[in-house]
Amino acid sequence: MHDFIYTIISVFRQAVPFALLGLAAGAVLLVLLGRRKEKRPSKGQVVAVLLLMCYLGGLVAVTLMSRTEDGFRMGVQLHPFLAFFEAWNAFTLRVWLNPLLNIAMFIPLGVLLPLAAKRFRQWYRSLAAGAGTSLVIEMFQYILGRGQADIDDLICNILGAMLGYCLCMSFVSLAGKRRRTAAAYAALPVLSLMTLAGVFLTYYLQPYGNLEDAPIYAANTKGVEWVQECELSDEPGPSGVYRAEPFTRDSCDAFAAEFLGRQGAELNSDSDVIYYDNSTFYSDHRTYSLMVYYSDRSYEYMDFRVDSELRYSDKGGTITEDELRAALDARGIDIPDAATFVVVDKERGRYAFRAECVVEDGVLTNGEIVCRVAEGGILCDVDNALSVSTLYDDAAVISPREAYERLCAGHFSYQDVPMFDYLALKQVRVTACTLEYMTDSKGFRQPVYSFTLSDDRDTELQSGNVWDTFVPALA
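Our subject in this report is the structure included herewith. Keep in mind that what you see is a predicted model, and the values were worked out from it rather than measured.

## Some words on the overall build of the protein
- Per the secondary structure count, the protein includes 15 helices and 16 strands.
- Its C-alpha atoms put the protein at 90 × 55 × 45 Å along the principal axes.
- Going through the 475 residues of the protein one by one, you find that 41% of them count as buried.
- Across the protein, contacts joining residues at least 24 apart in sequence account for 66% of those joining residues at least 6 apart.
- When the accessible surface of the protein is totalled, it reaches about 25100 Å², and 57% of it is carbon and sulfur.

Structure below.
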């Protein structure tokens, strides 16, 4: 079953009890209003009020009661449309659900309010109601430590409420045979659908995918002294975008069946299969677990037949390069010639074959396959992120110097921007710059410049360790 279905089912389960409480509260409210003859609601208003109260009860459950209460205030996110840029970069259904569900969640409010009370048929009243409801929810999430107060949630909620309002008033206008008015109200929903369709069409027509952690907004680098401690060429780096055909759902299933068969296991009716946006999980919970990622064809395999005390022990086994090659070969796992053997952690039994962006004759070998060896030299876990891809397009690449200028301007990996802003650094030393490759959302290996940085607070905050970030390298 797809995780999207799990998400929807989970939301409805959480909402039902509180929706029923809202329904009961609505019934009590209608009884009280019914005693006042001059304000007795019509049958249509009765239904609308009951549905509205039912909806509000479910809304409270989804936005407040379903969140984990840890008492920790996550702060306030004030960058408008950040959720949309994150969804664009990752471009998976799971990430797109964040802004889209926040919009959809408030559409019923915009529909039901004008039906329950005619005063809300004025657009500014519905706008104020949507904004006020969303603002109250964001405030309570922050105060109760049940989430982050996010300006994007406010924007999406208001948009959802106004979409619902426009849809409602469009149908009301059509019922009253006011076609021009109905067309005017339909403008916002139509424009919103066209915009969303345009975003998805643009993505599917562009030659490559998006980098999940690509820059979204610039870090605040004012007052930062940048110290260059490595050589940076003005000549563009090696050009090229590489590609290995990503898995589809069907080809992933075929790979899993073949791979598990080589391990002496079987993918059958007793196996749990969970489909995610960009991966699939397989397990029978007795013999194996296998997580396969579509875009880069990587996978994580665990052999449950190895005794759990050995698998989860802090003490691992020892194995030589030849022995590990033989063990992997017996399981049908090929090791590219460009990969070298590395002892990652001998005490814990972690060994790897690694290749760092090796390009030979139009073939890129990159990544590592990390193996966990239990006592007795038993291979129990394989995490294979070692990819082999071929040259797809001789795309132009910027120079290291230009990438460095973008780095200094704050245009580096989005994931590193919050930490950079939080540390309020005074000096950053750039100690190394290398051209590497990252897998984008369509499975292409795009070039990026990876910068190794060191700052004036390394010893205090990062135990003296340097840290890395990247700048996209495509021209």
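## Here we look at helix 13 (residues 400-408)
- Regarding helix 13, the residues found buried are P400, A403, Y404, L407 and C408. Here the buried residues of helix 13 occupy an arc of 140 degrees about the axis, which is enough to place them on one side.
- Here the buried face of helix 13 lies against strand 3 (225-228), strand 14 (427-439), strand 15 (444-455) and strand 16 (467-472).
- Looking one or two residues beyond helix 13, the residue adopting positive phi is G410, at roughly 90 degrees.

## Looking at a nonpolar patch on the surface
- Taken together, the side chains of V76, L78, L135, V136, M139, F140, Y142, I143 and L144 present a nonpolar region at the surface, about 810 Å² in accessible area.
- Broken down by element, the residue count for the nonpolar patch peaks at 6 residues, all from helix 6 (residues 123-143).

## Topic: the packing of helix 2 (residues 43-65) against helix 6
- Two elements in contact, helix 2 and helix 6, have axes separated by 10 Å at closest approach and are oriented at 35 degrees. Of the two possible hands of crossing, helix 2 and helix 6 adopt the one that is right-handed. Residues L59, T63 and L64 of helix 2 form the contact with helix 6, whose participating residues are T133, I137, F140 and Q141.
- Across the contact of helix 2 with helix 6, the residue classes break down as 4 nonpolar, 3 polar and no charged.

## Describing the nonpolar core
- Ranked by internal contacts, the top residues of the largest apolar core, which has 32 residues, are W226, Y404, L407, F420, V430, Y449 and F451.
- Elements represented by at least two residues in this core include exactly helix 13, helix 14 (417-423), strand 14, strand 15 and strand 16.
- Every residue in contact with F420, bar those within four places of it in the chain, is listed here: A219, N220, T221, V224, W226, F412, L425, V428 and W467.
- F247, F255, C371 and L379 belong to the second-largest nonpolar core, a separate cluster that totals 31 residues.

## Some remarks on the pairing of strand 14
- As judged from the 4 bridges shared by strand 3 and strand 14, these two strands associate in the parallel manner. Of the residues in strand 14, the one forming a bridge with Q228 is V430.
- Looking at chain direction, strand 14 and strand 15 are connected through 11 bridges and run antiparallel. For Y437, the partnering residue across the bridge sits in strand 15 and is P447.
- Connecting the antiparallel pair strand 14 and strand 15 is a turn made up of 4 residues, with G443 showing a positive phi of about 90 degrees.

## Thoughts on helix 5 (residues 107-116)
- What helix 5 keeps buried is the set L109, G110, L112, L113, P114 and A116.
- Those residues of helix 5 that are buried lie in contact with helix 2, helix 6 and helix 7 (151-175).

## Side note on the pattern of salt bridges
- Inspection of the entire model under this criterion finds 9 salt bridges.
- Where E245 meets R243, a salt bridge forms, and the shortest distance between an N and an O atom there is 3.8 Å.
- For E245, a relative accessible area of 54% gives the class exposed.
- A salt bridge links R262 to E258, with the shortest nitrogen-to-oxygen separation between them at 3.2 Å. With R262 and E258 both in helix 10 (residues 249-262), this residue pair falls 4 residues apart, about one helical turn.
- Take R262: its relative accessible area is 33%, and that puts it in the partly exposed class.

## Focus: the state of the cysteines
- Going through the model one piece at a time under the given rule, you end up with 0 disulfides.
- Between C371, a free cysteine, and C380, which holds the nearest cysteine sulfur, the sulfur-to-sulfur gap is 9.5 Å.
- For the unlinked cysteine C433, the closest cysteine sulfur is that of C230, found at 6.0 Å.

Thresholds applied
- Every chain's residues receive numbers from 1 upward, in the order its sequence appears when written.
- Note on the predicted model: pLDDT of at least 70 is required for a residue's local features to be given, and 80 or more for side-chain atom pairs to be given and counted; whole-chain, interface and lining totals, by contrast, use all residues.
- The basis for every side-chain value is the complete set of non-hydrogen atoms in the structure, without hydrogens or water.
- Strands are runs of DSSP state E lasting at least 2 residues, helices are runs of H or I lasting at least 4, and numbering of each runs from the N terminus.
- Partly exposed describes any residue whose relative accessible area lies between the buried limit of under 20% and the exposed limit of over 50%, with all areas from a 1.4 Å probe on protein chains only and scaled to the type maximum.
- Here, residues are in contact when the closest pair of their heavy atoms is within 4.5 Å.
- Accessible areas in this description were obtained via Shrake-Rupley with a 1.4 Å probe; residue shielding takes into account the shown protein chains only.
- For this quantity, the arc is that covered by the directions from the helix axis to the C-beta atoms.
- Here, patches come from residues exposed beyond 30% relative accessible area and free of salt bridges, joined within 9 Å for like charges and within 5 Å for nonpolar side chains (Val, Leu, Ile, Met, Phe, Trp, Tyr).
- Here, a salt bridge means any side-chain nitrogen of Lys or Arg that lies within 4 Å of a carboxyl oxygen of Asp or Glu.
- Only the stretch in contact is used when fitting a helix axis, every axis being a line fitted to C-alpha atoms; angles between N-to-C directions are given from 0 to 180 degrees.
- In this scheme, a crossing is called left-handed if the near helix is turned counterclockwise away from the far one by less than a right angle; it is called right-handed if the turn is clockwise.
- When residue character is reported, Ala, Val, Leu, Ile, Met, Phe, Trp, Tyr, Cys and Pro are called nonpolar, Asp, Glu, Lys and Arg charged, and the others, Gly included, polar.
- Working definition of a nonpolar core: buried Ala, Val, Leu, Ile, Met, Phe, Trp, Tyr and Cys residues. They are joined through side-chain atoms within 4.5 Å.
- A pair of strands is treated as paired once DSSP finds two or more bridges between them.
- The rule for a disulfide is simple: a pair of cysteine sulfur atoms within 2.5 Å.

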